[in-house]
Amino acid sequence: MDTLASLLPPAPLAPGLYIVATPIGNLEDITLRALRVLRDADAIACEDTRMTVRLVQRYGLCRTLLPYHEHNARQALPGILRRLEAGEVVALVSDAGTPLVSDPGYRLVEAALAAGFPVVPIPGASALLAGLVAANLPTDRFFFAGFLPPRQAARRRALEDLAAVPGTLVFYEAPGRIGAALQDIAAVLGDRPACLARELTKRFEEWRRGSASQLAASAEADPPRGECVLMVGPAPAGQQAALAADVDAMLRAALAHDSVRDAAAAVAEATGQKRRDVYARALQLVQAEAKK
């Protein structure tokens, strides 16, 4: 601790709420600034005190831990706001990684800002970015979709909404649902390139790369364990254009004998596209034909 003290000499922190990223596995993956804030804070609001206490004990940090999670947020929030009103420094951490990214905390940040208190981000580890940069998938554009719904019908609807996203898709997923999720991804999005990363920065870190169907088969043969990040590449060049052309051709054929509503419903059912989008396209085709 003498070394830590020499690296982080006392420096007063301005009162406010500090959003502090913590390691996702390896406790060495923490910034000096995060250590300073967590050492000098008046209190640390955390999802699970049993998780945060390991970091506290490792580095000799603030020992006032306040449980703040999705089940007690409404009851705990007023007490945290009172601390901020009293001019205290409160640090918010999640069990691992960057708070608010598929973790509780948004309501606390919203309430703190509404009350006029400063909210200060302290960046650091994130499973989302750690997985993305080593997945061997495009990183210029990506979309973080959090957790997919656990039931197949809802999961497939969610994937349909993501089909047109022009970038890499990133999901967090429970290991027991990875295989089913990958099967639905292959069925709804096509057999796109994908990467499954599990237990990032931990002893049993593992990477599986291949097509969605290959990873689904791998998950069935050797079920993954631990925390997982699943990344799916964007649709191959031309796939969206080809799909649009197919929809137009199907609509023109259906409109020859059906109403716009019925034609759109039939094509939406056949292609898996959103009915309202197909209906809007059908109206465009009818209007274009009327102008000829």
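Refer to the structure printed above.
What counts and what doesn't
Residues numbered from 1 in each chain as written. Predicted model: local features only at pLDDT ≥ 70, side-chain atom pairs only at ≥ 80, totals over all residues. Heavy atoms only, no water. Helix = DSSP H or I, 4+ residues; strand = E, 2+ residues; numbered from the N terminus. Buried < 20%, exposed > 50% of the residue type's maximum accessible area, 1.4 Å probe, protein only. Contact = heavy atoms within 4.5 Å. Polar contact = N/O pair within 3.5 Å; in protein donor to acceptor, adjacent residues only side chain to side chain. Pairing = 2+ DSSP bridges. Axes fitted to C-alpha atoms, helices over the stretch in contact; angles between N-to-C directions. Phe/Tyr/Trp six-rings, centres within 6.5 Å; stacked < 30°, edge-to-face > 60°.

Peer 1: Describe the environment of L137, listing the residues and the values that go with them.
Peer 2: In this structure, L137 sits in the loop between α6 (127–133) and β6 (142–147). A residue is classified by how much of its surface remains accessible, and L137, at 11% relative accessible area, is buried. With 89 residues separating them in the primary sequence, L137 and G226 have C-alpha atoms 22 Å apart. Among all residues touching L137, those that are not within four sequence positions of it are T168, P193, A194, C195, M231, V232 and G233.

Peer 1: Any chance you could break down the side chain of R208 for me, citing the residues and the numbers?
Peer 2: Here R208 lies in strand β9 (residues 206–211). At 3.0 Å, the side chain of R208 forms a polar contact with the side chain of E206. Not counting residues up to four positions away in its chain, the partners in contact with R208 are A194, C195, L196, L215, S218, A219, D222, P223 and P224.

Peer 1: So what about the sheet that holds strand β1 (residues 16–20)? Which residues, and what values?
Peer 2: Read from one edge to the other, the open sheet built from five strands follows the order β3-β2-β4-β1-β5, with strand pairing classed as parallel. Since the sheet does not close on itself, it has two edges, and those belong to β3 (65–67) and β5 (119–122), each with one partner. Mean inter-strand twist for the sheet, computed between neighbouring axes without regard to direction, equals 25°. Relative to strand β4 (residues 89–93), β1 is paired through four bridges, and the arrangement is parallel.

Peer 1: A description of the sheet that holds strand β10 (residues 228–232) should follow, citing residues and the corresponding values.
Peer 2: In space, the five strands of this open sheet follow the order β6-β7-β10-β8-β9, with mixed pairing throughout. Either end of the sheet is taken by a strand with one partner, and the two such strands are β6 and β9. Put simply, the sheet's adjacent strands are angled 15° from each other on average, direction ignored. The sheet contact formed by strand β8 (residues 193–198) and β10 spans five bridges and is antiparallel. Note on β10: the bridge partner recorded for C195 is M231. Packed onto the sheet, helix α8 (residues 178–189) meets β7 (168–173), β8 and β10 and runs at close to 10° relative to β10.

Peer 1: How would you sum up the packing of aromatic side chains? Please name residues and give values.
Peer 2: For the structure on display, the rule yields two aromatic pairs. Residues F144 and Y172 carry aromatic rings whose centres are separated by 4.9 Å and whose planes lie at 65° to one another, so their mutual orientation is edge-to-face. Linking F144 in strand β6 with Y172 in strand β7, this pair joins segments that are 28 residues apart in sequence. Summarising the aromatic geometry, the rings of F147 and Y172 are spaced 5.9 Å apart at their centres and angled 70° between planes, so their arrangement reads as edge-to-face. Placement of F147 in strand β6 and of Y172 in strand β7 is noted, with a sequence separation of 25 residues between them. The class of F147 is partly exposed, set by a relative accessible area of 47%. Assessed through its relative accessible area of 11%, Y172 is described here as buried. Counting every residue linked through ring pairs, the aromatic cluster contains F144, F147 and Y172.

Function-wise, these values are silent; they only describe arrangement.
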